[in-house]
Amino acid sequence: MRLNSLEAFAELRADLFNGMEDAVRTLVIPAGTCGRASGAEEVIQAARKALLQDGIADSVRVRVTGCHGFCEMEPSILVLPDGVFYPRVKPEDVERIALAASRSEIVEELVWADADTSAPIPLQEDIPFFKKQRRAILSRSERVNPEDIESYIASGGYAALFKVLERDDPEWVIGEVKASGLRGRGGAGFPTGMKWEMLAKQPAGDGKYLVCNADEGDPGAYMDRSVLEGNPHIILEGMLIAACATGATEGIIYVRNEYPLAIKHLHLALEQARELGLLGHNILGTDYSFDIRVVRGAGAFVCGEETALIRSIEGSMGEPRQRPPFPIQRGIHGKPTSINNVETWANIPIILEQGAELFASVGAERNSGTKIFSLVGKIKNTGLVEVPMGMTIQEIVYDIGGGPSGDSNIKAVQTGGPSGGCIPASRFDLPIDYDSLARAGSIMGSGGMIVMDGRTCVVDVARYFMGFLKDESCGKCFTCRKGTQRMYELLDDISSGKGTVEHLDLLEKLALVVKDTTMCGLGQTSANPVLSTLRYFREEYLDHIENKRCPAGVCKPLIRYTINENCTGCRACAKNCPADAISGERKQRHVIDAEKCIKCGNCLAACKFNAVEVV
Amino acid sequence: MNGMINMTLNGLAVSVEKGMTILEAAKFYGFPIPTLCHMEGLSPYGACRLCVVEIGEAPRSKLVTSCTYPVEEGIIVRTASTRVLRARRMILELLLASCPQSKIIQDLAAAHDIRQQRFRQEHEDCILCGLCVRMCEEQMMAKAIGFRYRGEKRSIGTPFDLHSEECRLCGACMYVCPACQLRCTYTEPDKAICGGCANLSPPCVEKEPFDDMMCYMAPCVACEIKKD
Ligand SMILES: Cc1cc2nc3c(=O)[nH]c(=O)nc-3n(C[C@H](O)[C@H](O)[C@H](O)COP(=O)(O)O)c2cc1C
Ligand code: SF4
Ligand code: SF4
Ligand code: FES
């Protein structure tokens, strides 16, 4: 059914709103890639079965959605409209939850328990992980079934587009986006409104492109995937609004092929939007025409860089080129092109819906709105967190993340992905925004946040990221290709005890030259892991070099496993040693043969008496 | 638009033609900038980074490769600032560490007074400057060779390492190569005509089928050796 006028759309929306009575309880089950991996499918099946068997299908329904962020607690169930959250649900408990929901009750022993008092915290909004978040984008994924456009419209979707089409004033749209202060969420933080204004000013000629950058290549980052999987229409709506504002004629969503579910949901969304007349010629009967297609990338990190992305879309090798000319002037096939990140696009309908002023009131100065981070590492609560910009690292790590997961103190967080930097605990009062992070020697990047504790070695971390970068550099600039290889080599030497003070000096000098002489963002930021760790953790480097010691006990060549007097002679370690390096009589203290030991750490993990030590 | 652009070049107010690169402008005014992956007649590529210059004013100045950067109105360029020289010397040290046998690199390093090489010594036969690829495509109209893979694995060759039907064995790729290694050997190095540089012993000296071949390499060391 193609809607040929704005009125027809308004009617459809009114119809859908009517079907959304709040008296019906909804069991919301997140089943993004993460949810499915932890068993959401079984929970969904159990829920559907329970509704039928217990005859409560009239008062309770199931909604399968994308990820809501608390991946560690999946499979989970959220009961709406009450907001009761059940973490780590087992299929056999689903029936009780469904029955309780049908009677507006709560199964107390299955809800979240407070870490200190064990008191039940039934409501999602009261759980510490959620409490301090401001989930403007992620909370929308709770309300939509990503495979159904009607569900998106019923939750208020395409209302912003409707408003834009009705007003038919491109300058107003750009003005709103500018006034909102939205800055690109892809890393560089360029003001989105300004980018659009430049695109709008380009001569129409034979077309202009809008691109959604969903390459998301940072290891450990998956916020863009979650939005695409959970709410694909919000991206389409954002792009449609931009098309009306800038006169763009064609849209492209560039997704990495490693995101099959996201690609499937995007294709479904595009098809359904086209069917309804929201895409294609004369959108909803207006004079605007715009269509979007999906281009799959082969998952190269460098293809996230604008000019490499353009080459890749054109079908060539993903290799950045010199700017100027900027993509806004000469992009895909030489036509003006504006590229924005997934999260940037997701913010657009929100801005147009609630107004620029309200949007700008959230966050910090020059850094408005919310930002999604993927919070991972040595921390209690991991997952996607969406917070107002300007929140301090302290709040994110301790209030939302719940502090260290082990018995060791948190030492630093690494932000910004492979080309980001480490920020030490002493600077956790730093507000998270583009400018503060840059000043501290790191970057916002696309929002990765890796928490490190005393058992994380910064040399090892720098070496890991350098290894990633040396493989992912496109290889064109000699200093990026060779420079990352040489930095890796130097870091490897240091972490294996072969480092000297000259290594450190050379490493630092090289890092500065690589930063200075490379062409694209990848090379220019590739020195960050080295420079930021050297800036804050030089002592740890020196420990590796002068004392041949890895204080975190990570760098294998520098550590030794021994057994102390706590040993009860239980033989657990010996049984788990793949190298047969542990000997000793039952009930007597065991010893590790350093010659045979391959430093796998199995004994440490196997010992229940804290008898295995790393020295 | 009168087609001229005003800029500052090493403190000198100059005006140059629009569309020129910084490298061309500097050459025109007699400021030397070392290059490695640049060659007249081939499109600028920006691979070796040796030609970096500093543009803008501190603290917002930055280094860009002069061979690819177009002149802009009012741009301030320094071709041999401390920052530029520091970068250039490090690049040369890196080049020397990877490709010490290249005469061109040796000469450049000597000219910049590089007296030490602190990295682990390698002997690579290619610095991936892309001259051969551009030569093959833009001057020989063959497009027989190209780049493959990325990062550490990046290399130059024919698709799937098979002999390319586009390749006419013209040898132009070898001719432009600063790393002095054979490029037109494709899959059968034994049949290569010449090592193409002063630092390797060219196969034509030893291999009978090439005896007295007199190839296009000029000056060809192999021929000189024989004349002795
Ligand atoms: C090496 C490299 C990788 C990048 N990867 C991504 C990415 O995966 N996703 C993304 O949105 N932006 C990425 N960017 C940033 C883009 O180049 C570009 O700035 C961004 O897509 C612009 O969108 P925004 O203004 O909405 O942030 C990357 C940049 C570099 C240099
Ligand atoms: S800086 Fe690195 S990734 Fe970027 S163009 Fe140069 S070689 Fe390629
Ligand atoms: S073979 Fe020679 S010319 Fe070709 S890229 Fe390598 S160094 Fe440059
Ligand atoms: S000559 Fe300019 S980068 Fe090589």
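Residues numbered from 1 in each chain as written. Chains lettered and ligands numbered in written order. Predicted model: local features only at pLDDT ≥ 70, side-chain atom pairs only at ≥ 80, totals over all residues. Heavy atoms only, no water.

Colleague: Quick one: what's the story with the overall build of chain B, residue by residue and with numbers?
Modeller: When helices and strands are counted, chain B shows seven helices and seven strands. Tracing chain B from N to C terminus, the helices and strands come up as β-β-α-β-β-β-α-α-α-β-β-α-α-α. Across chain B, the fraction of contacts at a sequence separation of at least 24, relative to all contacts at a separation of at least 6, is 46%. Accessible surface, chain B: about 11,800 Å² in total, of which carbon and sulfur atoms supply 54%. (Helix = DSSP H or I, 4+ residues; strand = E, 2+ residues; numbered from the N terminus. Contact = heavy atoms within 4.5 Å. Areas by Shrake-Rupley, 256 points an atom, 1.4 Å probe, with all protein chains shown as cover.)

Colleague: Explain the overall build of chain A residue by residue, including any values.
Modeller: When helices and strands are counted, chain A shows 25 helices and 21 strands. In terms of overall dimensions, chain A is globule-like: its C-alpha atoms have a radius of gyration of 26 Å, near the 25 Å expected for 615 residues. Each of the three principal axes of chain A carries a C-alpha extent, and together these read 85 × 65 × 40 Å. Out of the 615 residues in chain A, the part that is buried amounts to 61%. Contacts in chain A between residues at least 24 apart in sequence constitute 69% of all its contacts with a sequence separation of at least 6. Total accessible area on chain A stands at roughly 23,700 Å², and carbon and sulfur atoms take up 48% of it. (Rg over C-alpha atoms; globule rule 2.2 N^0.38 Å. Buried < 20%, exposed > 50% of the residue type's maximum accessible area, 1.4 Å probe, protein only.)

Colleague: Which residues make up helix 13 (residues 260–276) of chain A, and what are the values?
Modeller: Every α-helix carries 3.6 residues per turn, so stepping three or four residues along brings you back to the same face. Taking 1.5 Å per residue as the helical rise, helix 13 of chain A with its 17 residues ought to reach 24 Å, and the 24 Å between its terminal C-alpha atoms agrees with that figure. For helix 13 of chain A, the full list of buried residues reads Leu-261, Ala-262, Ile-263, His-265, Leu-266, Ala-269, Leu-270, Gln-272, Ala-273 and Leu-276 of chain A. (Expected span 1.5 Å × (residues − 1).)

Colleague: Provide a residue-level description of the domain arrangement of chain A, including the pertinent values.
Modeller: In many reports, interface size means the accessible area that the parts give up when they come together. Domains assigned within chain A are domain 1 (23–126), domain 2 (143–359), domain 3 (364–453), domain 4 (458–546) and domain 5 (560–614). Its C-alpha centre places domain 1 of chain A at a distance of 43 Å from the equivalent point of domain 5 of chain A. (Domains from an automatic or database assignment.)

Colleague: Lay out the packing of aromatic side chains in plain terms, naming residues and giving numbers.
Modeller: Applying the stated rule across the entire model yields 13 aromatic pairs over all chains. Here the aromatic rings of Phe-85 of chain A and Phe-130 of chain A are separated by 5.6 Å at their centres, their planes lie at 70 degrees, and the arrangement is edge-to-face. Note that Phe-85 of chain A is positioned in strand 4 (residues 84–86) and Phe-130 of chain A in helix 5 (residues 128–131), a separation of 45 residues in sequence. Note on accessibility: Phe-85 of chain A and Phe-130 of chain A belong to one class, buried. Plain terms: the ring middles of Tyr-152 of chain A and Tyr-158 of chain A are 5.1 Å apart, the flat faces sit at 85 degrees to each other, and that makes the pair edge-to-face. An aromatic cluster of three or more residues is present, and its members are Phe-70, Phe-85, Trp-112, Phe-129 and Phe-130 of chain A. The residue whose ring lies beneath Arg-167 of chain A is Trp-172 of chain A, and the NZ or CZ to ring-centre distance is 4.1 Å. Residue placement shows Lys-476 of chain A over the ring face of Tyr-45 of chain B; its charged tip is 4.5 Å from the ring centre. (Phe/Tyr/Trp six-rings, centres within 6.5 Å; stacked < 30°, edge-to-face > 60°. Lys NZ or Arg CZ within 6 Å of the ring centre and 35° of its normal.)

Colleague: I'd like a description of the sheet that holds strand 15 (residues 410–415) of chain A, backed by residues and values.
Modeller: By way of backbone hydrogen bonds, the strands of a sheet pair with one another, either parallel or antiparallel. Residues and elements named next belong to chain A. Here we have five strands laid out as an open sheet, ordered 14-13-17-15-16, and mixed in their pairing. Either end of the sheet is taken by a strand with one partner, and the two such strands are strand 14 (383–388) and strand 16 (421–424). Direction aside, the axes of adjacent strands within the sheet are offset by 30 degrees on average. Bridge analysis of strand 13 (residues 370–377) against strand 17 (residues 448–453) gives four bridges, and the strand direction is parallel. Among the inter-strand pairings, Val-376 is bridged to a residue of strand 17, identified as Ile-450. Contacts from helix 11 (residues 223–230) reach strand 13, strand 14 and strand 17 within the one sheet, and its direction differs from that of strand 13 by about 120 degrees. (Pairing = 2+ DSSP bridges. Axes fitted to C-alpha atoms, helices over the stretch in contact; angles between N-to-C directions.)

Colleague: Residues and numbers for the sheet that holds strand 3 (residues 77–80) of chain A, please.
Modeller: Residue and element names in this part refer to chain A. Read across the open sheet, the four strands follow the order 2-1-3-4; overall the sheet is mixed. Edge positions in the sheet fall to strand 2 (60–65) and strand 4, since each has one partner strand and no second. Neighbour-to-neighbour, the strand axes of the sheet open up by a mean angle of 25 degrees, direction not taken into account. Pairing analysis gives three bridges linking strand 1 (residues 25–30) to strand 3, with the strands arranged antiparallel. Bridge assignment links Thr-26 to a residue of strand 3, and that residue is Leu-80. Its contacts with the sheet place helix 3 (residues 40–53) against strand 1, strand 2 and strand 3, and it is angled at close to 160 degrees to strand 2. Sitting on the sheet, helix 4 (residues 94–102) is in contact with strand 1, strand 2, strand 3 and strand 4, with an inclination near 145 degrees to strand 1.

Colleague: Explain the interface of chain A and chain B to me, and be specific about the residues and the numbers.
Modeller: Contact residues are listed per partner, giving 33 residues for chain A and 36 residues for chain B. When the two sides are added together, the surface that chain A and chain B hide from each other amounts to roughly 3,100 Å², 53% of it contributed by carbon and sulfur. It is Phe-478, Arg-486 and Asp-516 of chain A that lose the most area in chain A upon contact with chain B, and together they represent 22% of the buried surface on that side. Here chain A is connected to chain B by nine salt bridges. Between Arg-83 of chain B and Asp-516 of chain A there is a salt bridge, and its shortest N-O distance comes to 2.7 Å. Remark: the boundary between chain A and chain B carries 18 residue pairs in polar contact (both at pLDDT 80 or more). Elements with a minimum of two residues in the side of chain A that touches chain B: helix 19 (458–472), helix 20 (478–495) and helix 21 (501–517) of chain A. Residue contributions to the side of chain A that touches chain B peak at nine residues, all from helix 20 of chain A. Residues that form the side of chain A that touches chain B fall into these classes: eleven nonpolar, eight polar and 14 charged. (Buried area = accessible area lost by both parts, 1.4 Å probe. Salt bridge = Lys/Arg side-chain N within 4 Å of Asp/Glu carboxyl O. Polar contact = N/O pair within 3.5 Å; in protein donor to acceptor, adjacent residues only side chain to side chain. Nonpolar A, V, L, I, M, F, W, Y, C, P; charged D, E, K, R; others polar.)

Colleague: So what about unusual backbone geometry? Which residues, and what values?
Modeller: Here the bond from Glu-74 of chain A into Pro-75 of chain A is cis, since omega is 0 degrees, no more than 30 degrees from zero. With an omega dihedral of 5 degrees, the bond running from Leu-80 of chain A to Pro-81 of chain A counts as a cis peptide bond. Within the secondary structure, Pro-81 of chain A sits in the loop between strand 3 and strand 4. Residue Asp-113 of chain B is not a glycine yet carries a positive backbone phi of 60 degrees. Relative to the helices and strands, Asp-113 of chain B is located in the loop between helix 3 (103–111) and helix 4 (131–139). In this structure, Asp-161 of chain B is a non-glycine residue whose phi angle is positive, near 60 degrees. Note that Asp-161 of chain B resides in the loop between strand 7 (155–157) and helix 5 (172–176).

Colleague: Please provide a residue-by-residue account of the environment of Gly-285 of chain A, values included.
Modeller: Residue and element names in this part refer to chain A. Among the structural elements, Gly-285 can be located in the loop between helix 13 and strand 9 (291–297). Here the alpha-carbon distance between Gly-285 and Ala-8, two residues 277 residues apart in the chain, equals 9.6 Å. The residues contacting Gly-285, other than those within four sequence positions of it, are Leu-3, Asn-4 and Ser-5.

Colleague: Please provide a residue-by-residue account of the site of ligand 1, values included.
Modeller: All names here are of chain A. Gly-186, Asn-213, Glu-216, Asn-341 and Thr-344 are the nearest of the 18 residues found near ligand 1. The separation between an oxygen atom of ligand 1 and a polar side-chain atom of Asn-341 is 2.6 Å. The fraction of the free accessible surface of ligand 1 (610 Å²) that becomes covered by protein chains is 89%. Taken together, the residues of the shell around ligand 1 sort by class into three nonpolar, nine polar and six charged. (Near = heavy atom within 4 Å.)

Colleague: Explain the environment of Ala-113 of chain A to me, using residue names and the numbers behind them.
Modeller: All names here are of chain A. Structurally, Ala-113 can be placed in strand 5 (residues 112–113). Sequence spacing of Ala-113 and Ile-127 is 14 residues, and the spatial spacing of their C-alpha atoms is 8.8 Å. If we ignore the near neighbours within four places in the chain, the residues touching Ala-113 are Ser-118, Ala-119 and Pro-120.

Colleague: Give a detailed account of the side chain of Thr-65 of chain A, specifying residues and quantitative values.
Modeller: Residues and elements named next belong to chain A. With respect to the helices and strands, Thr-65 occurs in strand 2. Given a relative accessible area of 1%, Thr-65 falls into the buried group. For Thr-65, the contacting residues outside a window of four places in its chain are Val-28, Ile-29, Pro-30, Ala-31, Gly-32, Ser-141, Glu-142, Val-144 and Pro-146.

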